[in-house]
Amino acid sequence: MHAEVKHFISPDIDLSDPTADFPDDDAVLIVALVGPKGGEGEESLQFEVMTPNALARRLEALGVVFGQGVVVVEHLRVGAVLDLIRARVERVAGLTWSDVARRLGRLGEMEGED
């Protein structure tokens, strides 16, 4: 069984324009709605996508940044970021959906995780 991204949503940016660029010091939340390939159902998988400048600013403010669900990109271009997340998520496979979901949880924050 493989994971499939059904679609993306974001409370921070408009994902409808794949050519949109954002400032080099930005960070945005992107949520992939993921389910079994060709199957019904979906769960949310959250990623915080940020540029190196945004990461540096956060490190300066907090002193530490934990990595689960953090994606650092040189340039925040919507289409390229969504393509990269989709490709990485859809490589995840397992014998059951529980196996797949556990592996996806290593990439980002899965729905229902603490």
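Note that the structure is a prediction, hence the values are computed from the model and not measured.

### Comments concerning the overall build of the chain
Line of reasoning, step 1. The number of helices and strands found in the chain is three helices and five strands.
Line of reasoning, step 2. The globule rule puts the C-alpha radius of gyration for 114 residues at 13 Å, and the 14 Å found for the chain is close to it.
Line of reasoning, step 3. Here the C-alpha coordinates of the chain stretch approximately 40 × 30 × 20 Å along the principal axes.
Line of reasoning, step 4. Buried residues in the chain amount to 37% of all 114 residues.
Line of reasoning, step 5. Long-range contacts, defined here as pairs at least 24 residues apart, represent 60% of the contacts in the chain between residues at least 6 apart.
Line of reasoning, step 6. Summed over all atoms, the accessible surface of the chain reaches about 6,700 Å², with 51% contributed by carbon and sulfur.
Line of reasoning, step 7. Mean positive and mean negative side-chain charge positions of the chain (11 and 21 charges, respectively) differ by 9 Å.

### Some remarks on the layout of surface pockets
Line of reasoning, step 1. Quantified by volume, the largest pocket comes out at close to 160 Å³.
Line of reasoning, step 2. Forming the boundary of the largest pocket are Leu 29, Gln 46, Phe 47, Glu 48, Arg 58, Val 65, Phe 66, Gln 68, Gly 69, Val 70 and Glu 109.
Line of reasoning, step 3. Considering every element that reaches the lining of the largest pocket, the biggest residue donor is strand S3 (residues 43-50), with three residues.
Line of reasoning, step 4. Split into classes, the residues belonging to the lining of the largest pocket amount to five nonpolar, three polar and three charged.

### A word on the nonpolar core
Line of reasoning, step 1. Membership of the largest hydrophobic core comes to 27 residues, with the highest contact counts inside it found for Ile 30, Val 34, Val 49, Val 89 and Leu 104.
Line of reasoning, step 2. When contributions to this core are tallied by element, the ones reaching two or more residues are strand S1 (3-9), strand S2 (27-36), S3, helix H2 (78-89) and helix H3 (97-104).
Line of reasoning, step 3. Those residues in contact with Ile 30, other than ones at most four positions away along the chain, are Phe 8, Ile 9, Ser 10, Ile 13, Leu 45, Gln 46, Phe 47, Val 49, Val 81, Leu 82 and Ile 85.

### Observations regarding the pairing of S2
Line of reasoning, step 1. Burial within S2 is extensive, with eight of its 10 residues counted as buried.
Line of reasoning, step 2. Sheet analysis places S1 next to S2, joined by six bridges and oriented antiparallel. Counterpart to His 7 in the pairing with S2 is Leu 33.
Line of reasoning, step 3. Note that S2 and S3 share eight bridges and pair antiparallel. Note on S3: the bridge partner recorded for Leu 29 is Glu 48.
Line of reasoning, step 4. The hairpin formed by S2 and S3 contains six residues between the paired strands, and Gly 38 there has a positive phi angle of roughly 75°.

### Points about H2
It helps to recall that an α-helix has 3.6 residues per turn; residues three or four apart then point in one direction.
Line of reasoning, step 1. Its 12 residues place the ends of H2 16 Å apart at the C-alpha level, agreeing with the 16 Å of an ideal helix rising 1.5 Å per residue.
Line of reasoning, step 2. Where H2 is buried, its residues touch S1, S2, S3 and H3.

### Re the confidence of the model for the chain
Line of reasoning, step 1. Across the chain, the average pLDDT comes to 91, with 97% of residues at or above 70.
Line of reasoning, step 2. Averaged pLDDT values over the elements of the chain bottom out at 89 in strand S5 (residues 109-110) and peak at 97 in S1.

Scoring rules and cut-offs
- Residues numbered from 1 in each chain as written.
- Predicted model: local features only at pLDDT ≥ 70, side-chain atom pairs only at ≥ 80, totals over all residues.
- Heavy atoms only, no water.
- Helix = DSSP H or I, 4+ residues; strand = E, 2+ residues; numbered from the N terminus.
- Rg over C-alpha atoms; globule rule 2.2 N^0.38 Å.
- Buried < 20%, exposed > 50% of the residue type's maximum accessible area, 1.4 Å probe, protein only.
- Contact = heavy atoms within 4.5 Å.
- Areas by Shrake-Rupley, 256 points an atom, 1.4 Å probe, with all protein chains shown as cover.
- Lys, Arg positive; Asp, Glu negative; His and termini not counted.
- Charge placed at Lys NZ, Arg CZ, Asp CG, Glu CD.
- 1 Å grid on protein atoms, 1.4 Å probe; cavity = no way out; pocket = protein on both sides within 12 Å on 5 of 7 lines; lining within 4 Å.
- Points joined across faces, edges and corners; volume = space filled by probe spheres on them.
- Nonpolar A, V, L, I, M, F, W, Y, C, P; charged D, E, K, R; others polar.
- Core = buried A, V, L, I, M, F, W, Y, C linked by side-chain atoms within 4.5 Å.
- Pairing = 2+ DSSP bridges.
- Expected span 1.5 Å × (residues − 1).
- pLDDT = per-residue confidence, 0-100.

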